[in-house]
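Overview (structure and organization)
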Amino acid sequence: MEKKWWHSAVIYQVYPRSFVDSNGDGIGDINGIISKLDYLKNLGINAVWLGPVYKSPNDDNGYDISDYRQIMDEFGTMEDMDRLISEAKKRDIKIIMDLVANHTSDEHAWFVESRKSKDNPYRDYYIWRDPVNGDVPNGITSNFSGSAWEYDETTGQYYLHLFSKKQPDLNWHNENVRNDVYDFMNFWIDKGIGGFRMDVIELIAKLPDEDIIPNGPKLHDYIKEMNRKTFGDKDMLTVGECWCADIDIAKQYSNPDGSELSMVFQFEHIGLDQIPGKDKWDLKELDTLELKKTLYKWQTAFHDDGWNSLFWNNHDLPRIVSRWGNDKEYRVESAKMFGILLHGMKGTPYIYQGEELGMTNIYFDDINDYKDVESINMYKDRLAKGYDVKDIMHSLKVKGRDNARTPMQWDDSENAGFTTGTPWIKVNPNYKEINAQSQVDDENSVFNCYKKLINIRKENEVIVYGEFEPLLMDDKDVFAYDRVLGDDRIRVICNFSGNEVDCTLVNAGDKEKQLVSNYKDVVTGKLRPYEAFMIRL
Ligand code: TEU
Ligand code: CA
C-alpha cells in the first residue's frame, strides 16, 4: 500500500469553544488556540482536527453554520484564522477543518431565501414537503428528539432537519448545492489546510420519502465527485463521520485508490453500552468480550484495502476514563491503559482535548448547567413522555455530550486557566488535581504517557504497518495483541479491569524491553488493576 503521511500521524481534536479563552469573554477562541500550539507541539501530534469555527448562531455550538467563508464572531477574525494555519505550519502541525455540509443554519443566506417562496431559486437547496393529512409528511425523527419535520408558515410546507430545527438539511441531489459546497471547500483548501473531518457525511444522500437516511444510493457518487472537484489531487487527510458504516462500507470510503476519503470514524464499539435498538440514553453495562470482539474485528478487517481511525473520545462522547475506566482511585492507571490499548493498534489515532490529561465526566446535578441542545431536548422529551427525572439525569451524567465540553484544564488557578471571565459552561471542579501544568513535567503523568505513545508510533514502523494478531480472545479482563512486521514483534497487554488478574503472557524481568507501561515495577504471572504495557518480544 502506498505510504501516506496520515498513516503514521496522530491527530488532536480541539473543541474551540472549550479550549482557551484569550480575551476574557468566557468562550474559547482562535487566539487561545494559537497560544497553545507549543503545548501541542510538545505533545507531539501532527495535526489538529478543529471543531467548526465558521459563522454560526450557535444553536449546536457551530455545527449550525450561517456562513462558510467567515469566522464566528466569538472565535475571532479571518486574520486570526490565517495566522492559526501559518503558526501551526511553522510547527509542522496541519489544520483539519470540520466540514459540516449535511445541513446549514436556518440563518444561512440559502435558507433565508429558500423559505421565502416555493419558486425562490434557493427553494430546492433544502428539503420541503407538503403536509400529509394536516400533519408531518412522515415519521422520520430528529437525532435531537421529536419529528425531523418543521412546519413553516410562510409557504405552508415542512422542511427536513435531522438535527435541531435550526439545522435544515441541504438537498444534495441538487447539483448547485453540491457545487456551492465544493466551492467553499476549495476556498479553505487554498488557505493551506491539511484536510477535512466530514460531519455526518453518510446522511447527505438521504431519500426521505423512502425512509432511506444514512447510505443513500448516490452517496458514494457524491463523495467521488467531491473528491474529484476538491481535495482529490492534494495530499490531504479526509475522515468521514459514519455511524452506520460496516466493514464493506468503510472499505469503499477508504479505498487506497484515493477515489473517496482517507478513512472513516465508525462507532460500532461506541454503541456497546446502550440497549440494542434503543437510544444512547438507554444504558446497558459494557460487555468487555463484546468490546474486544468488535475492536479486533475492525483491526483484522483491512489488508492493504482500507484504513481505520482509532478513538475513544470526541466532543459528542463521554470521557473514556469515566465511561469504561475508573475516574477515582485508578484514574491515572486506567487513563493510561486506554491510551496504550488504542495507540498500539493499526490505524490513525485521534486524541480529544483533555484525554491526554485523563480528564473526567462532569456529573451536573442541575439540568440548567447543561448547555447542549441534544441534552436539553432529550430532557424535555423524556419528561413529557413520563420518564422519571432521576433516570433522565442519570442518563445525562453517563452519556451527555457536555461531559466532553467542559473547559480544558490548564492549571490550578481560578477556572483552570481557561478564562479570566465567566466560562460559558462550568469548569469541572477537579481541575486543581487534574490539569496540564502539573502533568507536563511529571514523567509519570497521563500526559507523558500519551507523549511517549505518540513518539513510539513515529519510531516503530511495526505500529503503523504491522499486521494485527489477536491474543486471549476469550479473556474478559485482559486485552492483548501482537503487532508484527518482518522480524519485529510488539506485544500489547492491558488489564481492562480494576482487579488483579492472572496473566502468563510475559515474564517479569522483561521491564527493559517495555516501550511504555503504567506501573513503575514489574510483577510475574499477574496484572495489577488496569496494568498495561507494550513490550518488544
Ligand atoms: O454528530 C452526529 C451525530 O449523530 C451526533 O450528534 C449524535 O446524534 C450524538 O451526539 C451521538 O451521541 C455530528 C457532530 O459531531 C455533532 O456535534 C453535531 O451536533 C451533529 O453532527 C450535527 O451537526
Ligand atoms: Ca474568547
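Let me begin by describing the structure that accompanies this report. Model, not experiment: these values are computed from the prediction.

The next point concerns the overall build of the chain. Helix and strand counts for the chain stand at 15 helices and 20 strands. At 23 Å, the chain has a C-alpha radius of gyration in line with the 24 Å of a compact globule built from 537 residues. Each principal axis of the C-alpha distribution contributes one length, and for the chain these read about 75 × 50 × 45 Å. Out of the 537 residues in the chain, the part that is buried amounts to 61%. In the chain, of all internal contacts separated by at least 6 residues, the share reaching a separation of at least 24 is 69%.

Taking every second residue as pointing to the same face, both faces of strand β8 (residues 157–160) are buried, with Gln-157 and Tyr-159 on one and Tyr-158 and Leu-160 on the other. One ladder, built from 2 bridges, connects strand β6 (residues 128–129) with β8; its direction is antiparallel. Bridging from a neighbouring strand, Trp-128 pairs with Tyr-159 of β8. Linking two consecutive strands that pair antiparallel, namely strand β7 (residues 149–152) and β8, is a turn of 4 residues; a positive phi of about 70 degrees is found at Gly-156 within it.

Okay, the side chain of Lys-399 next. Tracing the chain through its elements places Lys-399 in helix α12 (residues 389–399). With relative accessibility at 2%, the residue Lys-399 sits in the buried group. In contact with Lys-399, other than residues within four places in its own chain, are Asp-273, Gln-274, Lys-280, Trp-281, Leu-283, Asp-316, Pro-318 and Arg-323.

Now for the sheet that holds strand β14 (residues 467–471). Reading across from one edge, β14-β15-β16-β20-β18 is the order of the 5 strands in this open sheet, with antiparallel pairing throughout. Looking at which strands have only one partner, the edges of the open sheet turn out to be β14 and β18 (514–517). Taken pair by pair, the neighbouring strands of this sheet meet at an average axis angle of 15 degrees, ignoring direction. The pairing of β18 with strand β20 (residues 532–536) spans 3 bridges and is classified as antiparallel. Paired with Ser-517 across the bridge in β20 is Phe-533. In the packing of helix α10 (residues 331–343) onto the sheet, the strands contacted are β15 (478–485), β16 (488–495), β18 and β20, and the crossing angle to β16 comes to about 145 degrees.

Spanning 12 residues, helix α11 (residues 373–384) covers 16 Å between terminal C-alpha atoms, matching the ideal 16 Å at 1.5 Å per step. The set of residues buried in α11 consists of Val-373, Glu-374, Ser-375, Met-378, Tyr-379 and Arg-382. Turning to α11, the residues buried within the fold contact α12. Structurally, the start of α11 carries an N-cap: the backbone nitrogen of Glu-374 is 3.1 Å from a side-chain oxygen of Asp-372. Where α11 ends, the next residue or the one after it, Gly-386, has phi of about 90 degrees, a positive value.

So, about the pairing of strand β5 (residues 94–99). Of all 6 residues that make up β5, 5 are buried, and the element is covered over most of its length. Taken together, the 4 bridges between strand β2 (residues 47–50) and β5 define a ladder with parallel strand orientation. Bridged to Ala-47 within β5 is Lys-94. By the bridge criterion, 4 bridges tie β5 to strand β9 (residues 195–198) in an arrangement that is parallel. Bridge pairing in β9 places Met-97 opposite Phe-196.

Soluble globular proteins tend to pack their nonpolar side chains together in the buried interior. Of all hydrophobic cores here, the largest spans 121 residues; its most connected members are Tyr-12, Ile-45, Leu-50, Met-81, Met-97 and Met-185. Of the residues forming this core, the biggest block, 7 residues, is contributed by helix α5 (residues 175–189). For Met-185, the contacting residues outside a window of four places in its chain are Leu-99, Phe-196, Met-198, Met-226, Thr-230 and Phe-231.

The geometry of α5 relative to helix α6 (residues 219–229) is characterised by a closest axis approach of 10 Å and an angle of 40 degrees between their N-to-C directions. As the angle between them shows, α5 and α6 are arranged oblique. The chirality of how α5 crosses α6 is right-handed. Where α5 approaches α6, its residues Arg-178, Asn-179, Tyr-182, Met-185 and Asn-186 are matched on the opposing element by Tyr-222, Glu-225, Met-226 and Lys-229. The residue makeup of the contact of α5 with α6, split by class, is 4 nonpolar, 2 polar and 3 charged.

Turning our attention to the packing of aromatic side chains. What the rule picks out here adds up to 36 aromatic pairs. A ring pair is formed by Trp-110 and Tyr-125, whose centres lie 5.4 Å apart and whose planes are at 65 degrees; its orientation type is edge-to-face. Remark: Tyr-125 occurs in the loop between α4 (109–114) and β6 and Trp-110 occurs in helix α4; sequence separation between them is 15 residues. By relative accessible area, which is 11% here, Trp-110 ends up buried. When its relative accessible area of 5% is taken as the criterion, Tyr-125 is described as buried. Put simply, the rings of Tyr-54, Tyr-68, Trp-110, Tyr-122, Tyr-125, Phe-184, Phe-187 and Trp-188 pair up and form one aromatic cluster.

This brings us to the environment of Ile-275. Structurally, Ile-275 can be placed in the loop between β11 (263–266) and α8 (288–299). Ile-275 sits in the partly exposed class, given a relative accessible area of 33%. Measuring from C-alpha to C-alpha, the distance between Ile-275 and Glu-285 comes to 8.9 Å, with 10 residues separating the pair along the chain.

The topology assignment puts Ile-320 in helix α9 (residues 320–323). For the pair Ile-320 and Asn-361, spaced 41 residues apart in sequence, the C-alpha to C-alpha distance is 8.5 Å. With residues up to four places along the chain from it excluded, the contact list for Ile-320 reads Trp-312, Asn-313, Gly-325 and Phe-338.

Criteria and cut-off values
- Residues numbered from 1 in each chain as written.
- Chains lettered and ligands numbered in written order.
- Predicted model: local features only at pLDDT ≥ 70, side-chain atom pairs only at ≥ 80, totals over all residues.
- Heavy atoms only, no water.
- Helix = DSSP H or I, 4+ residues; strand = E, 2+ residues; numbered from the N terminus.
- Rg over C-alpha atoms; globule rule 2.2 N^0.38 Å.
- Buried < 20%, exposed > 50% of the residue type's maximum accessible area, 1.4 Å probe, protein only.
- Contact = heavy atoms within 4.5 Å.
- Pairing = 2+ DSSP bridges.
- Axes fitted to C-alpha atoms, helices over the stretch in contact; angles between N-to-C directions.
- Expected span 1.5 Å × (residues − 1).
- Polar contact = N/O pair within 3.5 Å; in protein donor to acceptor, adjacent residues only side chain to side chain.
- Core = buried A, V, L, I, M, F, W, Y, C linked by side-chain atoms within 4.5 Å.
- Parallel < 35°, antiparallel > 145°, perpendicular 65-115°, else oblique.
- Left-handed = near helix turned anticlockwise from the far one by under 90°.
- Nonpolar A, V, L, I, M, F, W, Y, C, P; charged D, E, K, R; others polar.
- Phe/Tyr/Trp six-rings, centres within 6.5 Å; stacked < 30°, edge-to-face > 60°.

Spatial relationships are all this shows, so hold off on functional conclusions.
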